[in-house]
Amino acid sequence: MTDAPKKPIIQIQNVTKRFGKVAAVDNVSLDILAGEFFVLLGPSGCGKTTLLRMIAGFELPTEGTILIDGQDMAGIPPNKRPVNMVFQSYAVFPHMSVADNVAYGLKIAGVRGGEVKDRVAEALELVKLGGFEDRMPDQMSGGQRQRVALARSLIMRPKVLLLDEPLSALDAKLRAQMQFELADLQDQVGITFVTVTHDQDEALSMASRIAVINKGDVSQLATPSDLYEYPANRFVADFVGSVNIFEGKLTLDEPDKAAVDCAGLGKVYLNHGVTGPHGADVWVALRPEKIYLHVPGEGKAVRAAAQDAPEGYNFARGKIKGMSYLGDITLFEIELESGARIRVSRPNLSRHDQEDFTWDDKVSMHWRADSPVVLLS
Amino acid sequence: MAEQDWKTNKRVFAAVSLPTLLWTILFFAIPMAIVWVYSFGQNAGLNEIDISGTLDNYKRATEWLYLGIFGKSFAVAALVTLICLIVGFPVAMAITFASEKWRPWLLLGIMLPFWTNLLVRTYALMIILGQQGYANKGLEALWGGASWIKTLIGLQPLPTWEPAQLLFNNFAVVFGLVYVHLPFMVLPLYAALDRLDRSLVEASLDLGAGHFRTIMRIVVPLAAPGIVAGVMITLIPALGAYLTPDLMGGTDSQMIANVIERQFKKANDWPFGAALSFILIYAMFILIALQSMRRKVPELH
């Protein structure tokens, strides 16, 4: 990060929201920086949408403070806040043309005449809907309606644009395309985007930073790659991406190396310290794509080339119990000698790679010493 | 496809629809047809009606006296509908946006009058509005209070309270009809508002509109089908209202249904009553036709 330190545009300070006795958001504090693409990621019912709606002003915090651009938002209704929201259902007014939808906020703000027309055209151009001014919403696809909702919010030039599950209603192809477009759009307009999603792919591909929310609390706040490679706890490791988690005991912990003895996986060696008490119960997380799979015979040679752990560490044997061919990769489910199961993914680098292994094949596995992540909680 | 079988199986279809069809023909279509035929006849003695195919009854119905009563009935029904709409819309909004816990009770409050006999409700209202009724007593108390305050600040007290005439006039008829028809307005409005996507309201607020502007520009236009339904369902029975003007109205507040009743009973002029009835029915047909035409328009664009 070479950028100058950015100032926070949204400051959420010790915010709690209770519905009855249930705390949907539980003492959350986080800063969202100006110009970033911030994603609130979490399973449904984790409180992420409640948090977004509190920023927009549709819900009021039970406790705590929300500041937008340094201004306390307590007592400020949604229509007076410098933020705009794109709703999950898009909420495009069905009785108004596209142009009237997009111009709605401007007209209320007292903008008149030619300027409205120019800015509507500009906003529609921005979301690639130029020339759709006279269409009615029921003549448009879901993706187009979403663009109308985007244009309608962006035309207000808000300090922050809030997006509630913006891609959830789109089909897979369109979703992948919109992920890129949203990121581009954000880059283009320079407005801070705050998005809520339960889809980790969406979060990883678009966000500059992600806050993983679990049960009303921030589990981890990090960049997408840090979140994936250095998850802070089992929830994050499991929720973001696919992962194998094994329970074990910490047997060695020095500044430049550590070892964990896992009943399920065997002995795991790491080339960095983990600062946990010796003998502590820990968990080892190992991503399926970071495990090398080979037939037992050639295993030794491959291992010798890539091995960076002492003999007997970071190595396991097993039997293939399940395979699913996904085109770009093949996913294996392997029963280890301990009886535990592990998932391994293997890229199909050549057209015939998927034929290398089949059900009930005996295989061995190894992984690099910087691949496992030791989790203390 | 099982659920479509009854459509293709004609015998089942006939068996299911026959009782209703017979009932409708026997007790609705045939009596109406008889009344319709009567409207082209004339009295030929005390109990005899001569169906001569004359149009005299319709001619007589277009006399200024009757046109005036028709016009007045329309005016009263329209006024009642308008008041119901103005009063009912906020009520329907309140029910829609009430919490889950309160909504069934509020709806029950709206429905409760339906379970009480109209006559009982009308007499109850008359007791309240009468010379010695609670309305007058309440007004008297207010009047007395105002008078007392005036003396307190050293002014002349108000003259003695004269009970207000709240019954047996046009005010009473409109008041009574609004009272009776308000649920008819509130329920379709509630149904329409309940279907409204809340996020549309939130989007409007989010884009800077206040609550009033959001209601006028988003809620009302989108609730239009419910408003039209509510207007029709209030206007039509109000137009044919008979009991309320009869019991609560004065000599000058009779509506067309009261005139029709008089033809069939006191005046013993069934043919003329039949003609008046059918003019009222035709008017309602026109209203319903207008409504269904209006409903088709938005689908055309």
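You'll find the structure just up there.
Residues numbered from 1 in each chain as written. Chains lettered and ligands numbered in written order. Predicted model: local features only at pLDDT ≥ 70, side-chain atom pairs only at ≥ 80, totals over all residues.

A. Representation of the overall build of chain A within the structure. Within chain A, the regular secondary structure consists of 9 helices and 20 strands. Each of the three principal axes of chain A carries a C-alpha extent, and together these read 80 × 50 × 45 Å. (Helix = DSSP H or I, 4+ residues; strand = E, 2+ residues; numbered from the N terminus.)

B. The arrangement of helix 3 (residues 114-126) of chain A in detail. Residue and element names in this part refer to chain A. The end-to-end C-alpha distance of helix 3 is 18 Å, a good match for the 18 Å that 13 residues give at a rise of 1.5 Å each. Of all the positions in helix 3, only Val120, Ala123 and Leu124 are classed as buried. Projected down its long axis, helix 3 shows its buried positions confined to an angular sector of 95°, all on one face. Facing away from the buried side of helix 3, by more than 90 degrees, are the exposed residues Gly114, Glu115, Asp118 and Glu125. In the core, the buried residues of helix 3 are packed alongside helix 2 (98-108) and helix 4 (142-154). Among the residues trailing helix 3, lysine 128 stands out with phi positive, at a value near 60°. (Expected span 1.5 Å × (residues − 1). Buried ≥ 20, exposed ≤ 12 C-beta atoms within 10 Å, placed from the backbone. Arc of directions from axis to C-beta. Contact = placed C-beta atoms within 7 Å.)

C. Structural view of the nonpolar core. In terms of nonpolar packing, the biggest core is built from 108 residues, with Ile55(A), Val102(A), Leu162(A) and Val284(A) touching the most fellow members. Top element by residues in this core is helix 2 of chain A. It accounts for 6 residues. The next biggest cluster of nonpolar side chains, apart from the first, holds 51 residues, and it includes Val174(B), Tyr179(B), Ile227(B) and Ala241(B). (Core = buried A, V, L, I, M, F, W, Y, C linked by C-beta atoms within 7 Å.)

D. How the structure looks around the interface of chain A and chain B. Counting from both sides, the interface comprises 18 residues of chain A and, opposite them, 16 residues of chain B. Counting only elements with at least two residues in the side of chain A that touches chain B, the list comes to strand 6 (83-86) and helix 2 of chain A. The dominant element in the side of chain A that touches chain B, judged by the number of residues it contributes, is helix 2 of chain A, at 3 residues. Within the side of chain A that touches chain B, the residues separate by chemical class into 12 nonpolar, 5 polar and 1 charged. (Nonpolar A, V, L, I, M, F, W, Y, C, P; charged D, E, K, R; others polar.)

E. Local environment of helix 2 (residues 10-38) of chain B. Approximately 40° is the largest bend angle found in helix 2 of chain B, and it occurs at Ser17(B), with the proline Pro19(B) only one to four residues beyond. The buried count for helix 2 of chain B comes to 1 of 29 residues, which makes it a mostly uncovered element. (Bend = angle between axes of the 7 residues up to and from the residue.)

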